[in-house]
Structure formats: C-alpha cells, structure tokens
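Working through the structure, step by step
The primary structure of each chain is shown beneath.
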Amino acid sequence: MKALAILGAREHGKVVCATVADGLAGRWETTCFLDDNGALEGSTLLGLPVYTPIERIEAFAGEGRIQGALVGVSCNHMPVRKALFSRLRSLGLETPSAVSPAAHVNSRAEVGAGSVLCPGAVVHAFARVGANCVLYSNSVVEHECILGDNVYLGPGVSFCAAVEVGRGSFIGTGASVVCRKVGEDVVVGAGAVVVDDIPDGAIVAGVPARILRIRTPEERRKSFILRNHTQPSPP
Ligand SMILES: CC(C)(COP(=O)(O)OP(=O)(O)OC[C@H]1O[C@@H](n2cnc3c(N)ncnc32)[C@H](O)[C@@H]1OP(=O)(O)O)[C@@H](O)C(=O)NCCC(=O)NCCS
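Quick caveat: nothing in here was measured; it's all calculated off a predicted structure.

What counts, and at which threshold
Residues numbered from 1 in each chain as written. Predicted model: local features only at pLDDT ≥ 70, side-chain atom pairs only at ≥ 80, totals over all residues. Helix = DSSP H or I, 4+ residues; strand = E, 2+ residues; numbered from the N terminus. Rg over C-alpha atoms; globule rule 2.2 N^0.38 Å. Buried ≥ 20, exposed ≤ 12 C-beta atoms within 10 Å, placed from the backbone. Domains from an automatic or database assignment. Contact = placed C-beta atoms within 7 Å. Nonpolar A, V, L, I, M, F, W, Y, C, P; charged D, E, K, R; others polar. Pairing = 2+ DSSP bridges. Right-handed = clockwise from strand over helix to strand, strands pointing away.

1. Focus on the overall build of the protein chain
Helices and strands together make up the secondary structure of the protein chain, namely four helices and 24 strands. For the protein chain, whose C-alpha radius of gyration is 17 Å, the value lies close to the compact-globule estimate of 18 Å for 235 residues. Overall, the C-alpha framework of the protein chain stretches about 50 × 40 × 30 Å when taken along its three principal axes. Looking at the 235 residues of the protein chain, the share that counts as buried comes to 46%.

Listed below in structure tokens is the structure:
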C-alpha cells in the first residue's frame, strides 16, 4: 500500500480523503494532511495528523514518507489548486485519480491524474477529463466532452455532448451547459443554463446565463470568493 498526503485540511480535503478510501482501497492510504494554517499544526483530521505549512511536502517526499499526494483545496481557491498540483508534479510525486466506486467512467473515456470523482459522477464514452479536476456528486460529463486541467464541477452539473471547457474553470451547483465552448478561468453560477459560448475569465449566471463581468488577468490569478463563502483565507 502506498502512502498519500492531502493538501488542504478543510471540508474538501475530507471529501478527497473519503474518496481515496473508497476508490483506491488496497492501493493507496491517506496518511496525513498538510495545510498552510499554522493553527492546525499538531491537530488531527479524520484521525490523521495535520502538518503545516504545505511546503513540508518537499521533505516528506524526499524522505520517502509519502509516494503520492492530492490537492484537497476547494473551488474557492482555484489558482491555489493549480499551483499546488504543479508543485506535486515537480516533486515527482504520484497523483492517482480517485474515483468513487459509485461514479461511472466509460471504458472509452479518459480521466487525468489527480482528479477526484464523487458518487454519481458520470464521464461518458469518448469524453476526456483533464488532470486535477473535481467532479462533485451527480455531475454528468456527456460523450465527447473535453474538460481541461484544473476544472471543478459542483454537484449536479450537466453537460450535453461535446462541450469543451477551458483550464481552471468552475461550474456551480446544478448548472446545465448546452453551449459548445466554455473558456478558461470561467465561473458559472449555480443553477445557470449556459446556452452561449463563454469567453475566458467571465463570470456568468442565470437562465439563460448572462455575463455578470469579465475578470482581468490579474483577478484570474487571485482566488475568488464565492457567494456565501464562509472561509475567506486560503489553506
Ligand atoms: C455566480 C457567483 C459566483 C457570483 O458570485 P459573486 O461574484 O459574489 O456575485 P454577487 O453575489 O455579487 O451577485 C452579483 C449579481 O448576480 C446575481 N447572482 C449571483 N449568483 C447568481 C446565480 N447563481 N444565479 C442567478 N443570479 C445570480 C446576484 O443576485 C446579483 O444580482 P444583482 O446585481 O441584481 O443584485 C455565485 O453566486 C454562485 O452562484 N456561486 C456558485 C456556488 C456553488 O455552486 N458552489 C458549489 C461548491 S461545490
């Protein structure tokens, strides 16, 4: 059994841990969490030690304490998710994808390294999901869809066939996407019905979805805070 660390010791980190336990049983075991919140040093989460800061991953990898790691930071910090995943790759750590046994990945579909698929997620035939993606419960990626790296789907998101989604985009709970192309670093609001293609950096919401605003490249490099978000600081 290989040892795995999860970066981020909050709610989403717990979900990643639970998905690893169900989907990678017998192959990978989560042995610790790492987080940048120094107040968590010495605490435990789900009975596992929490170490700070995340930078300690480098020593853990060097000492052979862990063979792999996954990003457990939520959608409120999309650029942080991307940076942490690159760091894991540069350290040469394995990043297994964690697929719940209650998710379905068609044998002709592809799921990239480090992606986490929750119960009810479906990746249908000839669809491709990039690396470090998250598909929350009951999200449906229909046939021929292509999701770039670091894409994050809230629960109940549905894509019709052959939609392309750019890197780093977040699709909110229950959104339906029936257009052809969603740009990079896009935010789609909960419950939206997306009928028109979305340009890079746009935040859209509503039925049919309309552009609320387009973020500047600088804003896109920062984390965004979602409505009713209760955890303002990054891990
Ligand atoms: C779209 C979203 C990102 C906008 O957040 P924001 O930039 O903070 O925007 P605001 O809350 O300031 O709202 C701006 C306007 O859009 C409206 N709006 C916000 N979210 C909306 C939504 N999902 N659908 C329709 N309208 C929405 C607001 O009512 C407001 O309208 P007003 O200007 O007429 O008052 C956010 O509301 C959202 O839907 N997040 C998704 C949350 C989610 O699915 N989380 C899952 C985690 S796994």
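2. Quick word on the domain arrangement of the protein chain
Entries for the protein chain in the domain assignment read domain 1 (2-90) and domain 2 (98-228). The C-alpha centroid of domain 2 is placed 23 Å from the C-alpha centroid of domain 1. On the side of domain 2, 19 residues touch domain 1, which itself brings 18 residues to the contact. Every element with two or more residues in the side of domain 1 that touches domain 2 is listed here: helix 1 (11-23), strand 5 (68-71) and helix 3 (78-90). Looking at the side of domain 1 that touches domain 2 residue by residue, the class counts come to 11 nonpolar, four polar and three charged.

3. Some thoughts on the sheet that holds strand 22 (residues 193-194)
Sheet architecture is open: six strands sit in the order 7-10-13-16-19-22, paired in parallel fashion. Each end of this open sheet is capped by a strand with a single partner; those strands are strand 7 (104-105) and strand 22. Note: strand 19 (residues 176-177) against strand 22, two bridges, orientation parallel. Residue pairing across strands places Val 177 opposite Val 194, the latter belonging to strand 22.

4. Remarks on the pairing of strand 1 (residues 2-7)
As paired elements, strand 1 and strand 2 (residues 28-34) share six bridges and run parallel to each other. Residue pairing in the sheet places Ile 6 in a bridge with Phe 33 of strand 2. Read as a crossover between parallel neighbours, the route from strand 1 over helix 1 to strand 2 is right-handed. Here strand 1 runs beside strand 5; their pairing, made up of four bridges, is parallel. Its bridge partner lying in strand 5, Leu 7 is registered against Val 71.

5. Description of unusual backbone geometry
With an omega of -15°, the peptide bond between Thr 52 and Pro 53 qualifies as cis. Tracing the backbone shows Pro 53 in the loop between strand 4 (48-51) and helix 2 (57-62). In this structure, Pro 208 follows Val 207 across a cis peptide bond, with omega equal to -10°. With respect to the helices, strands and loops of the structure, Pro 208 is situated in the loop between strand 23 (202-205) and strand 24 (210-214). Positive phi, close to 65°, is recorded for Phe 126, a residue that is not glycine. With respect to the helices and strands, Phe 126 occurs in the loop between strand 10 (122-123) and strand 11 (128-129). You can call Phe 126 partly exposed: it has 16 C-beta atoms within 10 Å.

6. Some thoughts on the environment of Ile 6
Looking at the secondary structure, you find Ile 6 in strand 1. Classification of Ile 6 as buried rests on a count of 28 C-beta atoms within 10 Å. Considering only alpha carbons, one finds Ile 6 and Val 71, 65 residues apart in sequence, at a separation of 5.9 Å.

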